[in-house]
Amino acid sequence: MREPHEIPDEEHEQVFQRVCAIDVAKDSGKVCMRVPHESRPGRRLSKVWDVDATFNAVTELADHLVCQGIEMVTVESTSDCWRIWFYLLEARGLKVQLVNARDVKNVPGRPKTDKLDSVWLAKLTEKGLLRPSFVPPKEIRTLRDYTRMRVDLTQERTRHWQRLEKLLEDSLIKVSSVASKLDTVSARDMVEALIAGERNLRVLADLARGKMKAKNAALIEALTGQFDDHHAELARMLLDQIDGLTRQIDQLTVRVEQVLSALPAAQAPRDGDGHGCDCGSDECDHCQMAHILLPALERLDEIPGIAPHIAQVIIAEVGLDMSRFPTAGHLVSWTKLCPRTIQSGAKSRSGQAGKGNPYLKGVLGNAAAAAAKSDTFLGERYRRIVKRRGKLKALVAIARSILVIVWHLLADPSTRFSDLGVDYYANRIDKGKKARNHIRQLEALGFTVALTQAV
């Protein structure tokens, strides 16, 4: 008989005696509490009732569950309706886990009702068969609200720029074919002049700045059109909306920086963490260490492709406590940047990675695209992968590498990013093996090869 493999249980895989599960709906929740039977040893008792999804009703439920000594509460993640249940129960001191509805579907052959769903959810909870979703702490949730709103408003502003471009196309003006973007200073001045009533093509073309001055003739042709009063009115509305969104985005950026600066875990470790002190002496070893240790935002900013606003989104989405992700692979898997493994018998294949967190995957994709153009290890890695796997898969591979680096930097505050260099792969090549391969290829073509050491 072969030696069996020991597989330790995860932290959430433990048996609970007193549990509660909530099948969430918009206006109410079906609550099921499972506890040991009082008069029949070894048997379980389920109690099911409805609770309104209001602040007072959920708070009263939380007090009742605390009095009953509930060890674990499971909340089904239904849209955003789960938040009132999770937040209030967690604030009352209960241990709460959020689970994906896909993982708790009722087994086939059983009726589908809210009552049976809540009982089934409670039974899975007491046996430790549910994998909880990642819910960051309150301060990270606050930061996440600001960063996500900034992303949403930025996308909305981009849509307004696209609407403005369509409006100019309707007026037969093709300035976007000459200017790189409509949000450049030159293009904005031309549109403002058109709105103000200027129709002299040379005057409009002379508003160009920088490199666009050399495109004067092309601008005159592009600005020739039929821009009338109704186009001007609509363009004014779009520009006002763009300006308003820009002000809101700048305001959100300030708030994100303020929230980050107020997070102790985001700052460089100080005396209480065993690093650094406040004496300020250049000869003090602790102070010298404090100069080396950087805040989390600055440490992430050292990674190629990651700008400050990208680092802010990463911290908001994954948090600062990497104990929630035991290894970098757990974080990569949660983000859905690696394929799903499907193995049966002797066959093994890769499945779909899944959707994952759109905000996190979006900024990691932007960071990967920027890193791919750099003369760094990540840039060279992209250029090696893109030859055989294509651009999209190469970008996903670079995004995964960046996320692994992020995990190590956040897991250990004393860790700093160090680029392996663009020549990392070249220095690891087995020159003898590579030479033998080339010799075999030439000999197969009918040549005789004699190697001479270069001077």
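An account of the accompanying structure is given in this report. (Residues numbered from 1 in each chain as written. Predicted model: local features only at pLDDT ≥ 70, side-chain atom pairs only at ≥ 80, totals over all residues. Heavy atoms only, no water.)

So, on to the overall build of the protein. If you tally the helices and strands in the protein, you get 17 helices and seven strands. In terms of overall size, the protein is more extended than a compact globule, its C-alpha atoms giving a radius of gyration of 30 Å where 455 residues would be expected to give roughly 23 Å. Each principal axis of the C-alpha atoms in the protein carries an extent, and together these give about 95 × 80 × 65 Å. Relative to its full complement of 455 residues, the protein shows a buried share of 38%. A sequence separation of at least 24 residues applies to 62% of the contacts in the protein between residues at least 6 apart. Accessible area for the protein stands at about 27400 Å²; split by element, carbon and sulfur atoms hold 52% of it. Averaged over its 67 positive side-chain charges, the protein has a centre that lies 8 Å from the centre of its 59 negative ones. (Helix = DSSP H or I, 4+ residues; strand = E, 2+ residues; numbered from the N terminus. Rg over C-alpha atoms; globule rule 2.2 N^0.38 Å. Buried < 20%, exposed > 50% of the residue type's maximum accessible area, 1.4 Å probe, protein only. Contact = heavy atoms within 4.5 Å. Areas by Shrake-Rupley, 256 points an atom, 1.4 Å probe, with all protein chains shown as cover. Lys, Arg positive; Asp, Glu negative; His and termini not counted. Charge placed at Lys NZ, Arg CZ, Asp CG, Glu CD.)

With that settled, consider the nonpolar core. Counting 50 residues, the largest nonpolar core has L300, I303, I306, I314 and I402 as the members making the most contacts within it. The set of elements that each furnish at least two residues to this core consists of α4 (138-170), α8 (229-261), α10 (296-301), α11 (308-318), α12 (328-335), α13 (358-372), α14 (377-389) and α15 (391-411). Of the residues forming this core, the biggest block, twelve residues, is contributed by α15. In contact with I314, other than residues within four places in its own chain, are L300, I306, G319, L360, V363, L364 and V406. Listed in part, the 29 residues of the second largest apolar core include A187, V191, A205 and F227. (Core = buried A, V, L, I, M, F, W, Y, C linked by side-chain atoms within 4.5 Å.)

Among the surface-exposed residues, D170, D228, D229 and E233 lie close enough to one another that they form a single negatively charged patch. Inspection of the secondary structure puts D229 in helix α8. By relative accessible area, D229 is classed as exposed at 65%. (Patch = residues over 30% accessible without salt bridge, like charges linked within 9 Å, V, L, I, M, F, W, Y side chains within 5 Å. Salt bridge = Lys/Arg side-chain N within 4 Å of Asp/Glu carboxyl O.)

To continue, consider the side chain of H160. Looking at the secondary structure, you find H160 in helix α4. Classification of H160 by relative accessible area gives buried; the value is 9%. Among the polar contacts listed, one links the side chain of H160 to the side chain of Q241, at a separation of 3.4 Å. Those residues in contact with H160, other than ones at most four positions away along the chain, are L238, Q241, I242 and L245. (Polar contact = N/O pair within 3.5 Å; in protein donor to acceptor, adjacent residues only side chain to side chain.)

Sheet strands pair via backbone hydrogen bonds, and the direction of the pair is either parallel or antiparallel. Here we have five strands laid out as an open sheet, ordered β3-β2-β1-β4-β5, and mixed in their pairing. On the outer flanks of this sheet lie β3 (44-52) and β5 (96-100), each paired with one strand and no other. Averaged over all adjacent pairs, the angle separating strand axes in this sheet is 20°, with direction ignored. The sheet contact formed by strand β2 (residues 28-36) and β3 spans nine bridges and is antiparallel. Paired with V35 across the strands is L45, a residue of β3. The sheet strands contacting helix α2 (residues 83-91) are β1 (19-24), β2, β3, β4 (72-77) and β5, and the helix crosses β5 at an angle near 160°. (Pairing = 2+ DSSP bridges. Axes fitted to C-alpha atoms, helices over the stretch in contact; angles between N-to-C directions.)

Under the definition given, this model contains 19 salt bridges. A salt bridge links D63 to R92; the nearest nitrogen and oxygen atoms lie 2.4 Å apart. In this pair, D63 is assigned in helix α1 (residues 55-67) and R92 in the loop between α2 and β5, connecting sequence segments 29 residues apart. Judged by relative accessible area, which is 39%, R92 ranks as partly exposed. Connected through salt bridges with shared partners, the residues R188, E192, R236, D240 and D243 form a single ionic network.

This part takes up the pairing of β5. Walk down a regular strand and you will see the side chains alternate between the two sheet faces. Counting buried positions over the five residues of β5 gives four, a clear majority of the element. Sheet topology note: the β4/β5 ladder contains five bridges and is parallel. Residue V73 lies in a different strand from β5, and its bridge partner there is V96. In this view, the connection linking β4 to its parallel neighbour β5 by way of α2 has right-handed handedness. (Right-handed = clockwise from strand over helix to strand, strands pointing away.)

Turning our attention to α4. Taking 1.5 Å as the rise per residue, α4 with 33 residues should run 48 Å; its terminal C-alpha atoms sit 48 Å apart, in good agreement. The set of residues buried in α4 consists of I140, R141, L143, R144, T147, R150, L153, H160, W161, L164, L167 and L168. (Expected span 1.5 Å × (residues − 1).)

With that settled, consider unusual backbone geometry. Residues apart from glycine generally show negative phi values, whereas peptide bonds are mostly found in trans. One non-glycine residue with positive phi stands out, namely S79, at about 50°. Structurally, S79 can be placed in the loop between β4 and α2. Positive phi is not limited to glycine here, since L172 has a value of about 70°. In this structure, L172 sits in the loop between α4 and α5 (185-196).

Read these as geometric descriptors, not functional statements.
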